[in-house]
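# Descriptive structure summary
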Amino acid sequence: AKQQGRNTYQWYASDLNDEANERVELRNDLQKALENGQLVLFYQPLIDSRTGRVRGSEALIRWYHPSRGLIPPNAFIPLAEDTGQIIELGTWVLYQACRDAVRLQGLGYREHRISVNVSPMQLRQGNFSQKVTDTLRQTGLAPELLELEIVESAILYDTEQVIEHLRQLRALGVGIAIDDFGTGFSSLSYLKLMPVTKIKIDRAFIKDVISNRSDAAITQGILSMAHHLALEVVAEGVETEAHAAFLRKNNCEMLQGYLFARPMPFAELLDYLGQRSTS
Ligand code: C2E
Ligand code: CA
Ligand code: CA
Ligand code: CA
């Protein structure tokens, strides 16, 4: 790769095979996407399981590719992690999400929290907590209204530095959620060390929670452990009324999934919130 300017990279693909070519093309396109505003954030509401009220929403990135159409994150986030582009992408996501959160504030949704996914590579940057602090200051968002979602594996790397970043952010009031909980094969002892405020049970356990006794036992076990540690729990992938009923019965505080709403553009989120608050 030849660096041409601060954020401009040109990749030469001549002697690579098709799959690699495809990746190189995607990587070049992603660089253009970052520069040309083809990336957008969708938002999916998080519902309070007792009251049914919207407590916040999770920002989920989408890419409107000029020729390929809408590309889901699983098709480009792993690539962006390989190339290091995740740093620039993550910076954009954080800034945009905080700005949208400030807009929600201005519209009267005073307690609406925004959750932002953070890649392990971002956390391993030496200045991560400073970057988040700067973004909060630039956008004027109250730290209590931002929550960072972190996968378990992120915590296994460079633990000291990562814990220090999270401590600083936690001290400001930023929430820290462990994402995809239960899928990381990691020791649970880190939960004692980490300034974590919330756990998100992965959709993989919720999917068959009604029919599969192991999934039900794991879900109940996670809920019980989390509550003993005074952590809130969100269940991902809540698709049916039966899922929601099971989770309510087991005191899962928050529910997220297609049963309530799919991820949607910001303008649609405003409509959704408006309809719910008047009906
Ligand atoms: P995640 O953080 O576990 O996000 C939840 C995924 O489940 C989202 O997929 C969401 O659309 C989907 N989902 C929500 N409710 C349901 C449901 O009821 N049923 C089913 N089948 N799926 C549901 P999405 O938006 O495609 O995102 C996939 C992954 O991409 C995310 O998984 C996250 O790991 C990553 N991602 C998304 N946005 C960002 C971002 O801004 N930064 C980073 N680093 N990663 C992101
Ligand atoms: Ca997430
Ligand atoms: Ca997940
Ligand atoms: Ca994930």
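Heads up: these notes are all about the structure in this document. A quick note: this is a predicted structure, and the numbers were derived from the prediction, not measured. (Residues numbered from 1 in each chain as written. Chains lettered and ligands numbered in written order. Predicted model: local features only at pLDDT ≥ 70, side-chain atom pairs only at ≥ 80, totals over all residues. Heavy atoms only, no water.)

## Some words on the overall build of the chain
This is how the line gets drawn: Strands here are runs of E lasting at least two residues and helices are runs of H or I lasting at least four, both read from the DSSP assignment and numbered beginning at the N terminus. Values of the radius of gyration come from C-alpha atoms, whereas the globule rule sets the reference at 2.2 Å times the count of residues to the power 0.38. Type-normalised accessible area, obtained with a 1.4 Å probe on protein chains alone, sets the label of each residue: buried when under 20%, exposed when over 50%, and partly exposed for intermediate values. Contacts are residue-level and defined by heavy atoms, with any inter-residue pair within 4.5 Å sufficient. Exposure was quantified through the Shrake-Rupley algorithm and a 1.4 Å probe, taking into account, for residues, occlusion by the shown protein chains and nothing else. Neither His nor the chain ends contribute to the count of charged residues, in which Lys and Arg are positive and Asp and Glu negative. Note on charges: their place is set at NZ of Lys, CZ of Arg, CG of Asp or CD of Glu.
The helix and strand inventory of the chain stands at 12 helices and 12 strands. A compact globule built from 279 residues would reach a C-alpha radius of gyration of about 19 Å, and the chain, at 19 Å, matches this within 12%. Reported as C-alpha extents along the three principal axes, the dimensions of the chain are approximately 60 × 45 × 40 Å. Taking all 279 residues of the chain together, the buried fraction comes to 48%. Restricting to contacts in the chain with at least 6 residues of sequence separation, those with at least 24 account for 64%. Counting every atom, the chain has about 14100 Å² of accessible surface; 49% of that belongs to carbon and sulfur. Side chains of the chain give 29 positive and 34 negative charges; the mean places of these two sets differ by 5 Å.

## With respect to the packing of aromatic side chains
Here is the rule: Note on ring pairs: Phe, Tyr and Trp rings are taken, using the six-membered ring of Trp, and paired if centres are within 6.5 Å. Classes follow the plane angle, with under 30 degrees stacked, over 60 edge-to-face and the rest tilted.
All told, the structure shown has two aromatic pairs when counted by the stated rule. When the centroid spacing of 5.8 Å and the interplanar angle of 65° are considered together, the rings of Tyr43 and Phe266 count as edge-to-face. Here the residue Tyr43 occupies a position in strand E3 (residues 39-48), and Phe266 occupies one in helix H12 (residues 266-278), the gap between them amounting to 223 residues. For the pair formed by Tyr43 and Phe266, the shared burial category is buried. Both rings, one in Trp63 and one in Phe76, keep their centres 5.4 Å apart while their planes meet at 80°; by these two values the pair is edge-to-face.

## Things to note about the site of ligand 1
To be explicit about the condition: For each residue, the test is whether any non-hydrogen atom lies within 4 Å of the molecule or strand; if one does, the residue is near. Definitions used throughout: a 1 Å grid over protein atoms alone; a cavity as a set of points that fits a 1.4 Å probe which cannot get out; a pocket as an open set with protein on both sides within 12 Å along at least five of seven lines; a lining residue as one with an atom within 4 Å of a point. Whether a molecule lies in a cavity or pocket depends on its atoms, and more than half of them have to be within 2 Å of the grid points. Amino acids are sorted into nonpolar (Ala, Val, Leu, Ile, Met, Phe, Trp, Tyr, Cys and Pro), charged (Asp, Glu, Lys and Arg) and polar (every other residue, Gly among them).
The immediate surroundings of ligand 1 are formed by 21 residues, with Gln44, Arg62, Arg203, Glu239 and Tyr258 found nearest. Given that more than half its atoms are within 2 Å of the pocket grid, ligand 1 belongs to the largest pocket. When contributions to the shell around ligand 1 are tallied by element, the ones reaching two or more residues are strand E4 (54-65) and strand E8 (175-181). In terms of residue count, E4 provides more of the shell around ligand 1 than any other element does, four residues in total. When its residues are assigned to classes, the shell around ligand 1 shows eight nonpolar, six polar and seven charged.

## Side note on the coordination of the calcium ion (ligand 3)
The condition that has to hold: Distances define the donors: N, O and S atoms within 2.8 Å of the metal qualify, as do those within 3.2 Å of Na, K or Ca. Water is excluded, so some sites may look unfinished.
At the metal site, the calcium ion (ligand 3) is ligated by Asp180 (OD), Asp202 (OD), Glu236 (OE) and Glu236 (OE), and these contacts range over 2.2 to 2.9 Å. Summarised as a motif, the one-chain spacing of the donors to the calcium ion (ligand 3) is D-x21-D-x33-E. A separation of 5.7 Å is found between the calcium ion (ligand 3) and the calcium ion (ligand 2). Pair noted here: Asp202 is in the loop between strand E9 (198-201) and helix H9 (203-206) and Glu236 is in the loop between strand E10 (232-235) and helix H11 (241-249), with a separation of 34 residues, a long-range link.

Bear in mind that shape data such as this cannot, by itself, settle questions of function.
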